[in-house]
Amino acid sequence: MSVWDYADWVPAWNWWTMPVTVVGDARAEDLDRLAAIHAESFPGAPWSAADLAALLREETVFGLVVRRANFFGTRSPVAFVLARLVAGEAEILTIAVTPAYRRHGFARHLMEHVFRRLYHDRAETLFLEVDAGNEAALALYGRLRFRKVGERKGYYAHGSVPGATALVMRADLR
């Protein structure tokens, strides 16, 4: 059992009878729900459960999931992140939060866990790409000390928009 498997040991409800939110590794039984979250977040280019499974089979990729307990103790994924670490450089492959749980700090919570894990694994830098029009994500990444290092014009396709610009961002971990 790894240090990242602690999520199963946390009670579903705290003493205030509020649902507990835990972060743990992505598991095979999560993949269908994670694919649904990704489809809600990126309707123009959703990843399937098979796509996610293929990525998670790679030795260099890890996935973290925010699970929120309900009254019956079931912990359902509400957000997730996939990241890759190779030769000291890491990248966020995707991060997605269920629309009903956006603006509750789950993306920041996930990113903080990613930072801790990458620091532990001795990564030096973390890269990501974000839609230049995604103001909420840009604000989050700014608070996490990411800085713009490049652009990819026409990278994203959004329905009738032919191609939105992706900003390449970097955070130094050391």
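Residues numbered from 1 in each chain as written. Predicted model: local features only at pLDDT ≥ 70, side-chain atom pairs only at ≥ 80, totals over all residues. Heavy atoms only, no water.

### Comments concerning the overall build of the protein
Tallying secondary structure elements over the protein gives four helices and seven strands in all. For the protein, the sequential pattern of α-helices and β-strands runs β-α-α-β-β-β-α-β-α-β-β. Residues classed as buried in the protein amount to 40% of the 174 residues present. A separation threshold of at least 6 residues defines the contact pool for the protein, and within that pool the share at least 24 residues apart is 57%. On the protein, roughly 9,900 Å² of surface is accessible, and the fraction owed to carbon and sulfur atoms is 55%. (Helix = DSSP H or I, 4+ residues; strand = E, 2+ residues; numbered from the N terminus. Buried < 20%, exposed > 50% of the residue type's maximum accessible area, 1.4 Å probe, protein only. Contact = heavy atoms within 4.5 Å. Areas by Shrake-Rupley, 256 points an atom, 1.4 Å probe, with all protein chains shown as cover.)

### Considerations on the packing of helix α1 (residues 31-41) against helix α2 (residues 49-57)
Relative orientation of the contacting elements α1 and α2 amounts to 110 degrees, with a least axis distance of 8 Å. Judged by the inter-axis angle, α1 sits roughly perpendicular to α2. The interaxial crossing formed by α1 with α2 has right-handed handedness. Along its contact with α1, which presents Leu 31, Asp 32, Leu 34 and Ala 35, the element α2 presents Ala 49, Leu 52, Ala 53 and Leu 56. Residue classes in the contact of α1 with α2 are distributed as seven nonpolar, no polar and one charged. (Axes fitted to C-alpha atoms, helices over the stretch in contact; angles between N-to-C directions. Parallel < 35°, antiparallel > 145°, perpendicular 65-115°, else oblique. Left-handed = near helix turned anticlockwise from the far one by under 90°. Nonpolar A, V, L, I, M, F, W, Y, C, P; charged D, E, K, R; others polar.)

### Notes on the pairing of strand β3 (residues 75-86)
Relative to β3, strand β2 (residues 61-69) runs antiparallel, the two sharing nine bridges. Across the sheet, the residue bridging to Arg 67 is Pro 77, located in β3. The antiparallel hairpin formed by β3 and strand β4 (residues 89-97) contains two residues in its connecting segment, where Ala 87 sits at a positive phi of about 50 degrees. (Pairing = 2+ DSSP bridges.)

### Thoughts on the nonpolar core
One finds Ile 92, Met 111, Leu 118, Leu 126, Tyr 141 and Phe 146 to be the most contacted residues of the largest nonpolar core, which totals 32 residues. Mapped onto this core, the elements with two or more residues apiece are β2, β3, β4, α3 (106-120), β5 (125-131), α4 (135-143) and β7 (161-172). Sorting elements by how many residues they give to this core places α3 first, with six residues. Other than its neighbours up to four places away in sequence, Leu 126 contacts Ala 90, Glu 91, Ile 92, Met 111, Val 114, Phe 115, Leu 118, Phe 146, Met 169, Arg 170, Ala 171 and Leu 173. Ala 26, Ile 37, Ala 49 and Leu 82 belong to the second largest nonpolar core, which has 14 residues in total. (Core = buried A, V, L, I, M, F, W, Y, C linked by side-chain atoms within 4.5 Å.)

### Remarks on the environment of Ile 95
Position of Ile 95 among the secondary structure elements: in strand β4. Ile 95 sits 12 residues away from Ala 83 along the chain, and the two C-alpha atoms are 8.7 Å apart. Excluding residues that lie within four positions of it along the chain, Ile 95 makes contacts with Phe 42, Phe 80, Val 81, Ala 107, Leu 110, Met 111 and Tyr 141.

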